[in-house]
There are 2 protein chains.
Amino acid sequence: MLPYKTLIQVDRDSSVSLHIQVCNIFISLITEGTLQPSDILPSSRILADLIGIARNTVKLAYEELISQGWAESAERRGTFVLSKLPVRSKVALFDGSKSRHDAPAFHWKKDFGKILPNENLQQITLAIDDGFPDVRLAPVDLLMREYRSLSRRYQGKNFLKYSSAMGSENLRIALQGYLAHSRGLITGTENILITKGSQMGIFLAAQLLLEPGDQIAVGVSNYGSADDTFRFTGASLLRIPVDEHGMDVDDLENRLKKDKIKAVYIIPHHHFPTTVTMSMERRMKLLNLAKEYQFAIIEDDYDFDFHYDNKPFVPLASIDHNHNVIYIGSISKTFAPALRIGFMVASEDFVKSASTIRQLIDKQGDTLLEEAFAVLFNDGEMDRHFRKSLKVYKHRRNVFCDMIKANLKDSIDFKIPEGGLGVWVNFDKRISLAALSASAAKNGLYIGDGSYYQNESFSPNGLRMGFASLRENEMEQALAIVSKSLSGL
Amino acid sequence: MLPYKTLIQVDRDSSVSLHIQVCNIFISLITEGTLQPSDILPSSRILADLIGIARNTVKLAYEELISQGWAESAERRGTFVLSKLPVRSKVALFDGSKSRHDAPAFHWKKDFGKILPNENLQQITLAIDDGFPDVRLAPVDLLMREYRSLSRRYQGKNFLKYSSAMGSENLRIALQGYLAHSRGLITGTENILITKGSQMGIFLAAQLLLEPGDQIAVGVSNYGSADDTFRFTGASLLRIPVDEHGMDVDDLENRLKKDKIKAVYIIPHHHFPTTVTMSMERRMKLLNLAKEYQFAIIEDDYDFDFHYDNKPFVPLASIDHNHNVIYIGSISKTFAPALRIGFMVASEDFVKSASTIRQLIDKQGDTLLEEAFAVLFNDGEMDRHFRKSLKVYKHRRNVFCDMIKANLKDSIDFKIPEGGLGVWVNFDKRISLAALSASAAKNGLYIGDGSYYQNESFSPNGLRMGFASLRENEMEQALAIVSKSLSGL
């Protein structure tokens, strides 16, 4: 007899009844080949004694096995594994301990280039991140209060049902007002699709615009996740230089004369990772080129809300009268990264196509969360949050830039960014950022090694250092660790 | 002079300061061609009088225009639109009223076949839906209490930062236990990816497995959104008959001898839309075929938790020792559709690839919501919810089936489903479901017209009638409208 006492271990605290647990274990024993067709099962009395459960429970388990077609009973002789089951050679279980590293037999796409896993910042206490907001500033409790209060009302329960893939209409109305007032982007609710952060806007635009063999123009330095998303469609990237006024549109024009370009991706405020702002002249010229050469402009403006010294330029979308701009923004970046809310603004037809694909991806967003954000916009809470954050982040930018100038000036070179949540810092070529990152980690500080910013045509010895998520004392702690690590390299 | 009194309308309640509003309006006038390069702007005194704001506000607006490079001032002569701006022909504004229906000049994919927009059930009070849960039963308030309480704690604030694309580790641990106890699916947390509903699982599997020209086997009748998702990859569908024991795996075997098939999509419990359960023999045979012919099985088991008469069969994934099954499930379907949580269980390598693509789509899920669900699993609340729902839905299934038998028996034919949230009802061929749907809508009832279930090889005159979301009195109301509508056709 098999060592049933070891093989059959039940969990008395589980909500699953004991006989079902026993039944499931027998199914495992059969399918893994430990029990073979026609093998006899122990009598209910013996098994009950062995594993310390009631005999009736074992009987119920056997009845369940029989009703599910795994076993059969022969009068007076006992219960047997169904004789007509296919014989299976004994295999290791798919159990997370033995064989989970075995590869399946089928094939799938595995080559995605250099896509790096998300930085998991949730377990880290001290980090110089990539330029993320300080989640401690966001009025999350107000949002949660609205979320909960909406869910309590019957009308709120309705928000829990399936709805449009375009997103909450109330939030689209609120965004319509916000976009008009904050950046002169006058648009209709039919032009707004609520997404999961700006990343989903980039993904949807890429899926609609690009096919294998197509070309998309991006900056020589660029947001790596956007590059990855475009490449995933099978398109290739055409790298255009970026200088202190943004993407070099004259260079782009020369390329357009020779090559078909389906789309241009820009981050006009503030270019990732180097934080430069695209000049107004280049914005106008890019719009004219889009009209002439019939390409789409993907304008990723996740950073619009944080501009410190003067008013930000209006987005290209606000002055685009030919509907060539697909405008992508984010609330996640201004509120909290894990609350995934963003938006895409484009022509009604394009937005319709995008919402069709969006249905295939995840059907729709979290309507209740979208509705709660709509309340925060309508109450003026979002405005208050933006104003407060802007003030805090401006101060932090100034303090942080002063600190790195004072502490690290022999090792680094940087310009104070006009906006955004990070400062682009070039390190002395003799400094290994990988070594710095590793050494800082040992001292309790997360700081990147710069590899995220590198691509086949851009290999700076630089880092985007996020100041927004750090209080002054945290900056001091963090930079002390950086200094210490640098001196130990 | 232009009619500035009409053109420049400010909103005194807006959080955007007045001078910025005036500045933005001038930018619009310039970029739409109403104001041309070198045009003179009205003096600050005149404009202030015209639109009723302080003269200093106008001056600030002009300074902003100048600093942004839209205008220039000439001593004593006034402020002018920048002379070196490109001349733009006057165009209609992208303003939601005039030109938003104009198509952009660039091209994008527009042909997605017959993909239907989501049914928006949030505005509807009485509906016979497709088989959705009753959101009134879900312990949403408990979930929201956890959500809010997590967000309040500092540790909760950390959940608002970026994290792994795999999803909350606590929820993966909770699901690991739940899957083991409820369906004998023994797996590791590295094998679990948290998704946005089961739809994202289908999308990710399709993106990884299928390329243009590939074939995927699906049922002759099938879940339309899955068909759409597979076709979106450029793959073609191979339709396999489905009878009362599920997909005909002998037919599949014959096709496999001739054709390369990359994957097979099944909904073993309960097939959509016809609700049949796949027999154990077919499950075993399908697993053997997958091993022999090296294809992936996408097992969509969104409906596992609702099985009424006996215990559901264990999933194929639970007895698959070759890692050929990609198992997809949903919490949205058992809780509330708008709270998008689902999961994919597969080999560690496959899950890694899927989480890489998932980063490109939306970076990650809503960690806080995932954590709140983890608490509900760990507290036993999810189990209580499943048990309570199962009891309520079983009762509703019985009552609903009795009612349609009593009220509609001359017009319909159906079998009582063993599980799931809807019953598949074939209507008399003389009944137009489109007419029924339209007539019911006039009387305040949403009921589908059956087009969602039809495809190129399946054209029943049938409907999936969801009973789970209706209380008895609502069923009575709804079916009275159906009867009345039928008699009026």
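Enquirer: What am I meant to see in the relation of the copies chain B and chain A here?
Expert: Of the two same-sequence chains, chain B is brought onto chain A (RMSD 0.0 Å, axial shift 0.0 Å) by a rotation of 180°. What we have between these two chains is a two-fold relation. When the interface residues of chain B are mapped onto chain A, 100% of them are again interface residues, pointing to one common binding face.

Enquirer: Is there a simple way to think about the domain arrangement of chain A in this case?
Expert: Buried accessible area, meaning the area lost when the parts come together, often serves as the stated size of an interface. All names here are of chain A. Each assigned domain of chain A is listed here: domain 1 (4-81), domain 2 (127-132 + 384-488) and domain 3 (154-379). Using C-alpha coordinates to define each centre, domain 2 is positioned 27 Å away from domain 3. Taken together, the contact pairs 26 residues of domain 2 with 29 residues of domain 3. Buried surface at the junction of domain 2 and domain 3, summed over both partners, amounts to about 2400 Å²; 56% is from carbon and sulfur atoms. Viewed at the interface, domain 3 and domain 2 are joined by two salt bridges.

Enquirer: How do you make sense of the side chain of B:Ser318 when you look at a structure like this?
Expert: All names here are of chain B. One can find Ser 318 in the loop between β10 (296-300) and β11 (325-330). Within the local environment of Ser 318, its side chain forms a polar contact with the backbone oxygen of Arg 183, the two atoms lying 2.7 Å apart. Look past the residues within four positions of Ser 318 in its chain and what remains in contact with it is Arg 183, Gly 184 and Leu 185.

Enquirer: Please explain the sheet that holds strand β6 (residues 236-240) of chain A as it appears in this structure.
Expert: The strands making up a sheet associate through hydrogen bonds between their backbones, and the pairing can be parallel or antiparallel. All names here are of chain A. Strands sit in the order β4-β12-β11-β10-β9-β5-β6 across an open sheet of seven strands; the sheet is mixed. Of all the strands in the sheet, just β4 (192-195) and β6 have a single pairing partner and so form its edges. Adjacent strand axes in the sheet meet at a mean angle of 20° when their direction is disregarded. Two strands pair when backbone bridges link them, and strand β9 (residues 263-266) and strand β10 (residues 296-300) are joined in this way by four bridges, in the parallel orientation.

Enquirer: How should I be thinking about the environment of A:Gly197 in this particular structure?
Expert: Position of A:Gly197 among the secondary structure elements: in helix α8 (residues 197-209). Remark: the alpha-carbon pair of A:Gly197 and A:Arg340, spanning 143 residues in sequence, is separated by 4.8 Å.

Enquirer: What am I meant to see in the pattern of salt bridges here?
Expert: Side chains bearing opposite charge may pair, as long as their charged atoms lie close to each other. Taken as a whole and judged by the stated rule, the model has 36 salt bridges over all chains. A:Glu381 serves as the salt-bridge partner of A:Arg384, at 3.2 Å between the closest nitrogen and oxygen. Remark: A:Glu381 and A:Arg384 occur in helix α14 (residues 381-408); sequence separation between them is three residues, near one turn of the helix. In this structure, B:Asp309 engages B:Arg397 in a salt bridge whose closest nitrogen and oxygen atoms are separated by 3.1 Å. Of this pair, B:Asp309 sits in the loop between β10 and β11 while B:Arg397 is found in helix α14 (residues 381-408), placing the two residues 88 residues apart along the sequence. Beyond isolated ion pairs, a larger network of salt bridges with shared partners links A:Asp134, A:Arg136, A:Arg396 and A:Glu474.

Enquirer: Explain the sheet that holds strand β16 (residues 462-466) of chain B to me, please; I cannot follow it from the model alone.
Expert: All names here are of chain B. Read across the sheet, three strands follow the order β13-β14-β16 without closing on themselves; strand pairing throughout is antiparallel. The open sheet has two edge strands with one neighbour each: β13 (412-414) and β16. On average, each strand axis in the sheet is inclined to that of its neighbour by 35°, with strand direction left out of account. Where strand β14 (residues 422-427) lies against β16, five bridges are found, and the strand directions are antiparallel. What sits directly across from Asn 426, in β16, is Gly 462. Docked against the sheet, α14 engages β13, β14 and β16, running at close to 150° with respect to β13.

Enquirer: Sorry if this is basic, but what is going on with the pairing of strand β5 (residues 215-219) of chain B here?
Expert: Residues in a regular strand point their side chains to alternate faces of the sheet. Residues and elements named next belong to chain B. Buried residues dominate β5, accounting for five of its five residues. Relative to strand β6 (residues 236-240), β5 runs parallel, the two sharing five bridges. By the bridge assignment, Gln 215 is partnered in β6 with Ser 236. For the segment spanning β5, helix α9 (residues 224-232) and β6, crossover handedness is right-handed. By the bridge criterion, two bridges tie β5 to strand β9 (residues 263-266) in an arrangement that is parallel. Bridging from a neighbouring strand, Ala 217 pairs with Val 264 of β9.

Definitions and cut-offs
- Residues numbered from 1 in each chain as written.
- Chains lettered and ligands numbered in written order.
- Predicted model: local features only at pLDDT ≥ 70, side-chain atom pairs only at ≥ 80, totals over all residues.
- Heavy atoms only, no water.
- Least-squares fit on C-alpha atoms with pLDDT ≥ 70 in both.
- Contact = heavy atoms within 4.5 Å.
- Domains from an automatic or database assignment.
- Buried area = accessible area lost by both parts, 1.4 Å probe.
- Salt bridge = Lys/Arg side-chain N within 4 Å of Asp/Glu carboxyl O.
- Helix = DSSP H or I, 4+ residues; strand = E, 2+ residues; numbered from the N terminus.
- Polar contact = N/O pair within 3.5 Å; in protein donor to acceptor, adjacent residues only side chain to side chain.
- Pairing = 2+ DSSP bridges.
- Axes fitted to C-alpha atoms, helices over the stretch in contact; angles between N-to-C directions.
- Buried < 20%, exposed > 50% of the residue type's maximum accessible area, 1.4 Å probe, protein only.
- Right-handed = clockwise from strand over helix to strand, strands pointing away.

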